[in-house]
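Now for the letters of each chain:
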Amino acid sequence: MKVLKGAYSGLIFLFLYAPIVVLIAFSFNGAKSRGAWGGFSFRWYESLAQNADILHALRNTLIVALLSAVVATIIGTAAALGMHHMRRGLANFMLNVTYLPVLNPDIVTGISLLILYVFIGINLGFSSLLLAHITFNIPYVILSVSPRLKGMNRHIFEAALDLGAGPVRAFFKVIVPEILPGIVNGFLLAVTLSIDDFVISFFTAGPGVSTLSITVYSMARKGIKPEINALSSIMFVVVLLLLLTVNIRAGRDIRRRAQTHVRSHSPRALSSREH
Amino acid sequence: MSELIRLVNCVMAFDDVTVLNSINLTIKDKEFLTLLGPSGCGKTTTLRIIGGFEVPTSGDVFFDNVRINDVPPYRRRVNTVFQRYALFPHLNVFENVAFGLRVAKVPKADIERRVRESLDLVGLRGYDKRASHQLSGGQQQRVAIARAIVNHPQVLLLDEPLGALDLKLRKEMQIELKRIQQQVGITFVYVTHDQEEALTMSDTVVVMNDGVIQQIGTPVDIYNEPKNAFVADFIGESNIVPGVMHRDCEVSFAGRVFRCVDTGFAPDEPVDVVIRPEDVRLSPPEEGQLDGEVLSVTFKGVHYEMMVRARDFTWMIHSTASEPVGARVGLSVRPFDIHIMHRAEKTEAAS
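This is a predicted model, so every value here is computed, not measured.

What to know about the nonpolar core
Of all hydrophobic cores here, the largest spans 36 residues; its most connected members are B:Val115, B:Ile145, B:Leu156, B:Leu177 and B:Phe188. Put simply, the parts of the chain that give this core at least two residues each are helix H2 (93-103), helix H3 (108-121), helix H4 (137-149), strand S7 (155-159), helix H5 (167-184) and strand S8 (187-192) of chain B. The biggest single contributor to this core is H4(B), with 6 residues. Ignoring any residue separated from it by four or fewer positions in sequence, one finds B:Leu156 in contact with B:Asn79, B:Val81, B:Ala148, B:Ile149, B:Ile186, B:Thr187, B:Phe188 and B:Val189. A:Ala159, A:Val174, A:Ala205 and B:Val103 belong to the second-largest nonpolar core, a separate cluster that totals 35 residues.

Set out below in structure tokens:
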């Protein structure tokens, strides 16, 4: 039984990761052929570093990822704060509304943004790409900041006011440190999703502006070159590392709060039993 | 003792619900005043008005004879110990206590000294480096108190600070709080729904119900001379019997006439008669003013609690001696243990 269980999960992982393993392995292939192994080599990574198109696309990707993540983090955090102070019914409604774009297929988001840009007369280019990324990143920031706000003792802001801090100061000294893990996670998630995105970028970037994923796509249309393997491997590793960071941080956060929760609540449980 | 805080005709309404109905209250300097009442009676709202977290819908709040309705919490010489403590989770014990001093830009050396003094005062010497989630409920409670008094406020507001602690710890902290109040020599305004807590610690008790102050007095006054049936029932346990006041010092209830010490009622006014369970004396049936049958006996530690049916009323009696269930007993009450109360309007409306 144990062997069967192991074999089953082994098979699942094989199916999930075999393509990526093959991709990464062939990115180190010395030969140009896609089928035969020609010895270990960094030559495709080297030629990648000399490809001006790719370097340009890399620059675009990083700038869009960082800029859109920063803007989305600010807007998303502000939105989460606003929703936190709404009446419960309204807050739930708003949360569901923010969920919608998350569930919306990328292709629908991409096309609808494209139509909107054409409709209001925004020229496609770098700024339309940036706006699109900010748009789809905001919900993820809201969704990672909101739980932090919910778990917060609602009196700590008042406690800071009580101790002489003005509202702005109380916000930055007490609320921000409390929700910072959520803000950082939202930011990292936004960076990841922005690097990751192809479909929405494809519709909103316009001619002349391309991101890494768009470049990979247009190179692949002319035939898969080994450089693409190298580029895809790098993107995979970067996104993987970012996601790992997000998950480890989130896990740590849950553990820490579970601990606080148990400690501050157990005396109450005790006293209610005594009555 | 001079007057420090005065609430004048304070009304508080949220949407259409009136939480406070014309509160008038004077708090004297250096006194331990407790706002006591069941949940939803308006005691926490009253505290939050003093703290500056709520602005009364109408009425005025004075501090040292200055109107402070519009003064925000961060400009009041008042500090609060919140329900469930509200410690800052990202700061350790020292930084939690130092928060107010840092905001006030107190010199570093003074901060160090004052924080240590406060931690000593609440018995937490050597805990400065602990994270707040490493502390027990009782310790978090002490940090919250230290964090407030380190700022030398003129008034400390405490919102059910012992509510989350277990019974034994709560008793210890009651004594501790009283000691701290006397040592620091400032005014404490304390909110609780626990009548025993209120009687143990306070100089003045304010009993509230339905947004209205029912009675203000010393713990002894409140216990011995409750002003109405609500106070009598809420503070300790009471037998409340309907009766008629025939004339001064003469009241009839439970089917006979009793002598009492109350005066100033209208002739034949319907009243509530309040008698504490420990003031009803047991005797052989023929020697009592009333006679009845024991329905139940419960051992309560220091005393027995007996329910005795006499005529159509069941009396609760506390006594160190017990009678078996089913026994016939006599009941008697001394005149000064009979407390006569005007019928509350609410009871009339309800009946």
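Next comes the rest of the write-up.
Thoughts on the sheet that holds S8(B)
Residue and element names in this part refer to chain B. What the 6 strands build is an open sheet, ordered S6-S7-S8-S3-S9-S10; its pairing is mixed. Unpaired on one side and paired on the other, strand S6 (78-81) and strand S10 (212-217) mark the two borders of the sheet. With direction set aside, neighbouring strand axes in the sheet form an average angle of 20°. Bridge count for strand S3 (residues 32-36) against S8 is 5 bridges, and the pairing is parallel.

A short note on the interface of chain A and chain B
Opposite the 30 residues of chain A that make contact, chain B presents 33 residues. Between chain A and chain B, a total of about 2800 Å² is buried, with carbon and sulfur atoms accounting for 57% of that surface. Remark: the boundary between chain A and chain B carries 1 salt bridge. The residue B:Arg48 makes a salt bridge to A:Glu158 at a minimum N-O spacing of 2.8 Å. Summed over the shared surface of chain A and chain B, the result is 6 residue pairs in polar contact (both at pLDDT 80 or more). Secondary-structure elements contributing two or more residues to the side of chain A that touches chain B are helix H7 (156-162), helix H8 (167-196) and helix H11 (226-274) of chain A.

Considerations on the domain arrangement of chain B
Residues and elements named next belong to chain B. Its domain assignment divides chain B into domain 1 (3-224) and domain 2 (238-350). Taking only C-alpha atoms into account, the centre of domain 1 sits 39 Å from that of domain 2. For the pair domain 1 and domain 2, the two sides together bury roughly 310 Å², of which 25% comes from carbon and sulfur. Contact with domain 2 buries area across many residues of domain 1, yet Asp210, Tyr223 and Asn224 alone supply 93% of it, more than any other trio. Here domain 1 is connected to domain 2 by 0 salt bridges. The tally of links between domain 1 and domain 2 comes to 3 residue pairs in polar contact (both at pLDDT 80 or more).

What to know about the pairing of strand S17 (residues 304-310) of chain B
Residues and elements named next belong to chain B. Summarising the sheet, strand S16 (residues 290-299) and S17 pair through 6 bridges and their orientation is antiparallel. The residue bridging Ser296 from the neighbouring strand is Met307, located in S17. Between S16 and S17, which pair antiparallel one after the other, the connecting turn spans 4 residues, and Gly301 there sits at a positive phi close to 100°. Sheet topology note: the S17/strand S18 (residues 313-319) ladder contains 7 bridges and is antiparallel. Bridge pairing in S18 places Glu305 opposite His318. Between S17 and S18, which pair antiparallel in sequence order, lie 2 residues; one of them, Arg311, sits at a positive phi of approximately 55°.

Describing the sheet that holds strand S4 (residues 58-63) of chain B
Residues and elements named next belong to chain B. Spatial strand order, S2-S1-S4-S5: 4 strands in an open sheet with antiparallel pairing. Among the strands making up the open sheet, the edge pair consists of strand S2 (17-28) and strand S5 (66-67). Pairing between strand S1 (residues 3-14) and S4: 5 bridges, direction antiparallel. Note that in S4 the partner of Val8 across the bridge is Asp60. Along the sheet, helix H1 (residues 43-51) contacts S1, S2 and S4; its crossing angle with S1, the most-contacted strand, is approximately 120°.

About the cut-offs
Residues numbered from 1 in each chain as written. Chains lettered and ligands numbered in written order. Predicted model: local features only at pLDDT ≥ 70, side-chain atom pairs only at ≥ 80, totals over all residues. Heavy atoms only, no water. Core = buried A, V, L, I, M, F, W, Y, C linked by side-chain atoms within 4.5 Å. Buried < 20%, exposed > 50% of the residue type's maximum accessible area, 1.4 Å probe, protein only. Helix = DSSP H or I, 4+ residues; strand = E, 2+ residues; numbered from the N terminus. Contact = heavy atoms within 4.5 Å. Pairing = 2+ DSSP bridges. Axes fitted to C-alpha atoms, helices over the stretch in contact; angles between N-to-C directions. Buried area = accessible area lost by both parts, 1.4 Å probe. Salt bridge = Lys/Arg side-chain N within 4 Å of Asp/Glu carboxyl O. Polar contact = N/O pair within 3.5 Å; in protein donor to acceptor, adjacent residues only side chain to side chain. Domains from an automatic or database assignment.

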